[in-house]
Amino acid sequence: MKISYHGHSVVQINSNGKTIIIDPFISGNSLTDLKVEDVKPDVIILSHGHGDHVGDTVQLAKKHNALVIANAELSEFLSWQGVNTHAMHIGGAYQFDFGKVKLTQAFHGSSYTLENKQIVYCGMPAGVLFMNEGKTVYHAGDTGLFSDMKLIGERHPIDLAFLPIGDNFTMGPEDAAYAAKLLNAKTVVPIHYNTFPPIKQDPYQFIEMLDSKNGRVLNPGEAIEL
Ligand code: NI
Ligand code: MN
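Bear in mind that the values here come from a model prediction, so they are computed numbers and not experimental data.

Visitor: Looking at this model, I keep getting lost on the overall build of the protein chain. Mind explaining?
Guide: Helix and strand counts for the protein chain stand at six helices and 15 strands. Across its three principal axes, the protein chain shows a C-alpha extent of roughly 45 × 40 × 30 Å. By sequence separation, contacts in the protein chain at least 24 residues apart represent 56% of the contacts at least 6 residues apart. Looking at the protein chain as shown, the accessible area adds up to about 9,700 Å², and 49% of this sits on carbon and sulfur atoms. Of the side-chain charges in the protein chain, 17 are positive and 24 negative, and the distance between the mean point of each set is 4 Å.

Visitor: When you look at the pattern of salt bridges in this model, what are you seeing that I'm missing?
Guide: Side chains that carry opposite charge are capable of pairing whenever their charged atoms lie near each other. Taken as a whole and judged by the stated rule, the model has four salt bridges. The salt bridge partner of Lys18 is Asp97, with a shortest N-O separation of 3.3 Å. Taken together, the residues span a long stretch of sequence, with Lys18 in strand β3 (residues 18–22) and Asp97 in the loop between β7 (93–96) and β8 (99–105) at a distance of 79 residues. The class for Asp97 is exposed, based on a relative accessible area of 53%.

Reading the values: rules and limits
Residues numbered from 1 in each chain as written. Chains lettered and ligands numbered in written order. Predicted model: local features only at pLDDT ≥ 70, side-chain atom pairs only at ≥ 80, totals over all residues. Heavy atoms only, no water. Helix = DSSP H or I, 4+ residues; strand = E, 2+ residues; numbered from the N terminus. Contact = heavy atoms within 4.5 Å. Areas by Shrake-Rupley, 256 points an atom, 1.4 Å probe, with all protein chains shown as cover. Lys, Arg positive; Asp, Glu negative; His and termini not counted. Charge placed at Lys NZ, Arg CZ, Asp CG, Glu CD. Salt bridge = Lys/Arg side-chain N within 4 Å of Asp/Glu carboxyl O. Buried < 20%, exposed > 50% of the residue type's maximum accessible area, 1.4 Å probe, protein only.

Below is the structure:
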């Protein structure tokens, strides 16, 4: 499978002939190389309900009849907007025809802000494990550091991990480097940085902090083949 990074937390996976996009925040994402009109997802996986992750989900899902996979609360909320959803929850895995998806815990918030200044609760935030062809990709979503990352890595040996390093809203570089150690992932790619002023970071400095020097900075549009 081919896994590409598109700025902020946007990750695209091409697996079994399908295009899967995680957290498709494209409109308003100053770092992305994607254009909403060029993205043709078959599947959208969401880590949580914040706008910089749900992004263009509703528009894309309706236009391409894409399946949206998210936790039960966020799925329910999006289904009311006419989107085809598959609800899951933390700790649960499901074998789809394009690969296996399992949601993991993440320590963060998860809500959707309506125009009338109401906040809709969107369930617990999650990380995403994507497994196919004997390979495992972990997208941590937005999260602080937690010690059960060790458990996640033990239960699912990780080939490629996308970890937030922006600080302020999520782990910063030091905590993310510690997370990489706990997860024991073969390759680590930093995400969720430089999109907004409070999350400005040098991803190359993060790579230097990794004990096993197994980090890789992906510029928006760059891919890794597993
Ligand atoms: Ni968030
Ligand atoms: Mn975020």
